[in-house]
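Structural features, examined
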Amino acid sequence: MGRRRHAELLGSGLGILMGLAVVLGLSSTQAAAFPGETAQDMIARHGPPSLPTSIEPPPVALLRAGKPSSVLIVWFQTKYRPLSLPMEMEGRVIASYRFDGPAVLRKIERGEQGIALSDLRSDFENLFTTLSESQFKQFLGLLETNWAITKKTPHTDPPYDLYEAVSRDGKLKAEFSFRTPGVPSPSASDPYYGGKFPDGNFWVRVQRTGA
């Protein structure tokens, strides 16, 4: 289910997380930002993130070469509606944002300082939390309205099921997994997904199709 890859992304992302304007007075709601929306949209819904505290633009050479550059934004504990379903969950949210290269480059060339939250657009979002078996069944039931499960892959060590789904309008794809409560996490020893980042037993990720 890519936990190791998520950890690698988070580790590399934290290396460049050196500045994000702190937004005060914003209350979190049940809604979720979706891929393609800005960091400003997400923060307006969830309030100031836990990480990072600031951010710097990528090197101008990378921007001019058109190479993608991204940053991870983390909420350790927030309310979230995965896949915009009418089911609120609470847990850890990690969203990956890419810089709007042309817009950032124009600002740099004009001598403007700082990066606006509107210069970061979401590529994908992850939620990590804990669900009971009945809650997971409720999630599957609600999923049927606007999503179709395209694949289910059982795993045995530890036991969990990995699902793949696509939105019925074809614009978004998702992956999610569920482990029976009480089954140890395969990443419990990982510094990002054990300890400081409690793993839970349910994970869901959403991104645009073709991303």
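See above for the structure.
The following paragraphs examine the structure supplied in this document. A quick note: this is a predicted structure, and the numbers were derived from the prediction, not measured.

A word on the overall build of the protein chain
- Looking only at helices and strands, the protein chain has 5 helices and 7 strands in total.
- Order of helices (α) and strands (β) in the protein chain, N terminus to C terminus: α-α-α-β-β-α-β-α-β-β-β-β.
- For the protein chain, with 211 residues in total, the buried portion stands at 45%.
- Across the protein chain, every contact between residues at least 6 apart in sequence was considered, and the portion connecting residues at least 24 apart equals 66%.
- In the structure as shown, the protein chain presents an accessible area of about 10,400 Å², 51% of it carried by carbon and sulfur atoms.

Quick notes on the packing of aromatic side chains
- Going through the model one piece at a time under the given rule, you end up with 8 aromatic pairs.
- Here the aromatic rings of Phe139 and Phe176 are separated by 5.1 Å at their centres, their planes lie at 80°, and the arrangement is edge-to-face. With Phe139 in helix α5 (residues 133–143) and Phe176 in strand β6 (residues 172–179), this pair connects stretches of sequence that are 37 residues apart. Grouping residues by exposure puts Phe139 and Phe176 together as buried.
- An aromatic cluster is present here, built from Phe136, Phe139, Tyr163, Phe176, Phe178 and Phe202 joined pairwise through their rings.
- Between the NZ or CZ atom of Arg92 and the centre of the ring of Phe128, over which it lies, the distance is 4.1 Å.
- Positioned over the ring face of Phe124 is Arg205, at 3.7 Å from the centre of the ring.

Things to note about the environment of Pro58
- In this fold, Pro58 is placed in the loop between α2 (39–46) and α3 (60–64).
- Along the backbone, Pro58 and Gly101 are 43 residues apart, and their C-alpha atoms lie at a distance of 9.0 Å.
- Leave out the neighbours within four places in its chain, and Pro58 touches Leu63, Ser69 and Phe99.

Some points on the pairing of strand β3 (residues 120–129)
- Within β3, 8 of the 10 residues are buried, which leaves the element mostly enclosed by the surrounding structure.
- Strand direction decides the pairing type here: strand β2 (residues 89–99) and β3, joined by 8 bridges, are antiparallel. Residue pairing across strands places Arg92 opposite Phe128, the latter belonging to β3.
- Sheet topology places β3 next to strand β7 (residues 202–208); 6 bridges connect them, and they run antiparallel. What sits directly across from Phe128, in β7, is Trp203.

Rules and cut-offs
Positions within a chain are numbered from 1, following the residues in the order the chain's sequence is written. Where totals are concerned, whole chains, interfaces and linings use all residues; where local detail is concerned, this predicted model gives features only for residues with pLDDT of at least 70, and gives and counts side-chain atom pairs only at 80 or more. Side-chain calculation: all heavy atoms of the structure are included, whereas hydrogens and water are not. Only DSSP runs of H or I reaching four residues or more are called helices, and only runs of E reaching two or more are called strands; each is numbered from the N terminus. Each residue is assigned to one of three classes by its accessible area relative to the maximum for its type, calculated with a 1.4 Å probe on protein chains only: buried under 20%, partly exposed between the two thresholds, exposed over 50%. In this analysis, two residues are considered to be in contact whenever any of their non-hydrogen atoms come within 4.5 Å of each other. Here the accessible surface of atoms and residues is derived via Shrake-Rupley with a 1.4 Å probe, and residues count as covered only by protein chains that are part of the display. Stacked, tilted and edge-to-face are the three classes applied to pairs of Phe, Tyr and Trp rings, where Trp contributes its six-membered ring and a pair requires centres within 6.5 Å; stacked means planes under 30 degrees apart, edge-to-face means over 60, and tilted covers the rest. Two conditions define a charge located above a ring, namely a distance within 6 Å from the ring centre to NZ of Lys or CZ of Arg, and an angle within 35 degrees of the ring normal. What makes two strands pair is DSSP finding at least two bridges between them.

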